[in-house]
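Letter by letter, the chains look like this.
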Amino acid sequence: EKKVVTQLQDKAVETFLPTVKEIHRWSDRHKAVEVAMLPGYAFVRTVLTPEVRVRVLQTYGVTSFVCFGGEVPSIPDQQIDELRLLSEHNINCSETPFLSLGQRVRVRGGCLEGLEGILVSRHGEKTLVLSIESIQRSISIAVGDYTLEPI
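So, here's what we can say about the structure. (Residues numbered from 1 in each chain as written. Predicted model: local features only at pLDDT ≥ 70, side-chain atom pairs only at ≥ 80, totals over all residues. Heavy atoms only, no water.)

1. A look at helix H1 (residues 2–10)
Step number 1: Buried within H1 we find Val4, Val5 and Leu8. Here the buried residues of H1 occupy an arc of 100° about the axis, which is enough to place them on one side. Those residues of H1 that are exposed and angled more than 90 degrees off the buried face are Lys3 and Asp10.
Step number 2: Packing partners of the buried residues in H1 comprise strand E1 (14–16), strand E4 (43–45) and helix H2 (50–57).
Step number 3: Trailing H1 by a residue or two, alanine 12 shows a phi angle of about 65°, which is positive. (Buried < 20%, exposed > 50% of the residue type's maximum accessible area, 1.4 Å probe, protein only. Helix = DSSP H or I, 4+ residues; strand = E, 2+ residues; numbered from the N terminus. Arc of directions from axis to C-beta. Contact = heavy atoms within 4.5 Å.)

Rendered as structure tokens:
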């Protein structure tokens, strides 16, 4: 990611690579290493003309733009600023699966390990809804402190 960003900057493309510092351990030493917060992703700010698209895609290490429905999405400045804030202050964070409300998820770790349900928001708090289909009843459990993974 760092090499891609350097090459893009050399091509006058505005870039941002959010990073975090991690301690890597070898048998003889420990060292703080700066790694990409979102491995495999670098952000560019540009008007995406055909010329710019080609210039970016011809950069060694770039495979493609992220697209949804054939369109390159615009990321709001606020979200980039939030990533920049985390990176600049070296806030301890890690990538996690993207979860949407209404999505079926599984709890990883803790006493609820393996529990599956639908992720919902109730009074601003993430909750897991467990449904008992045969009697058409559901219960909800607050899961704000648990690690969840999509199913």
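2. A word on the side chain of threonine 59
Step number 1: As for its placement among the helices and strands, threonine 59 is situated in the loop between H2 and helix H3 (77–88).
Step number 2: Separated by 2.9 Å, the side chains of threonine 59 and lysine 11 make a polar contact.
Step number 3: Among all residues touching threonine 59, those that are not within four sequence positions of it are Val4, Gln7, Leu8 and Lys11. (Polar contact = N/O pair within 3.5 Å; in protein donor to acceptor, adjacent residues only side chain to side chain.)

3. Some remarks on the packing of aromatic side chains
One pair of aromatic rings is described through two measures. These are the centre distance and the angle between the planes.
Step number 1: Taken as a whole and judged by the stated rule, the model has one aromatic pair.
Step number 2: The positively charged end of arginine 29 is found above the aromatic ring belonging to tryptophan 26, 4.7 Å away from the centroid.
Step number 3: A cation sits over an aromatic face here: arginine 84 above phenylalanine 16, 4.2 Å from the ring centre. (Phe/Tyr/Trp six-rings, centres within 6.5 Å; stacked < 30°, edge-to-face > 60°. Lys NZ or Arg CZ within 6 Å of the ring centre and 35° of its normal.)

4. Considerations on the side chain of threonine 15
Step number 1: Tracing the backbone shows threonine 15 in strand E1.
Step number 2: Of note is the side chain of threonine 15, whose polar atom sits 3.0 Å from the side chain of glutamine 9.
Step number 3: Each residue touching threonine 15, except ones within four places of it in the same chain, is listed here: Val5, Leu8, Gln9, Phe43 and Val44.

5. What to know about the environment of aspartate 81
Step number 1: Within the fold, aspartate 81 resides in helix H3.
Step number 2: C-alpha separation for the pair aspartate 81 and isoleucine 139, spaced 58 residues apart in sequence, amounts to 38 Å.

6. Focus on H3
Step number 1: Counted at 1.5 Å a residue, the expected span for H3 with its twelve residues is 16 Å, and the 16 Å between its end C-alpha atoms agrees.
Step number 2: If you check which residues of H3 are buried, you get Ile80, Leu83 and Ser87. The buried residues of H3 occupy an angular sector of 60° when the element is viewed end-on, so they sit on one face. Exposed side of H3, more than 90 degrees from the buried face: Gln78 and Glu88 are the residues found there. (Expected span 1.5 Å × (residues − 1).)

7. A closer look at the pattern of salt bridges
Step number 1: As enumerated under the stated definition, the model contains eight salt bridges in all.
Step number 2: With a closest N to O distance of 3.0 Å, glutamate 116 and arginine 106 form a salt bridge. Here arginine 106 lies in strand E5 (residues 104–108) and glutamate 116 lies in strand E6 (residues 116–122), a separation of ten residues in the sequence.
Step number 3: Judged by its relative accessible area of 30%, glutamate 116 falls in the partly exposed class. (Salt bridge = Lys/Arg side-chain N within 4 Å of Asp/Glu carboxyl O.)

8. Points about the pairing of strand E3 (residues 30–36)
On a regular strand, one side chain projects to one face of the sheet and the next to the other, so that they alternate.
Step number 1: When strand E2 (residues 19–25) meets E3, the two strands line up antiparallel, connected through seven bridges. Along E3, the bridge assignment pairs lysine 21 with glutamate 34. (Pairing = 2+ DSSP bridges.)

9. Brief notes about unusual backbone geometry
If a residue is not glycine, its phi is most likely negative; likewise, a peptide bond is most likely trans.
Step number 1: Phi is positive for alanine 12, which is not a glycine, with a value near 65°.
Step number 2: Among the secondary structure elements, alanine 12 is positioned in the loop between H1 and E1.
Step number 3: Taking the relative accessible area as the measure of exposure, alanine 12 reaches 67% and is therefore exposed.
Step number 4: In the Ramachandran plot, asparagine 90 falls in the positive-phi region, its phi being about 50° despite a non-glycine side chain.

Honestly, it's all geometry; don't read function into it.
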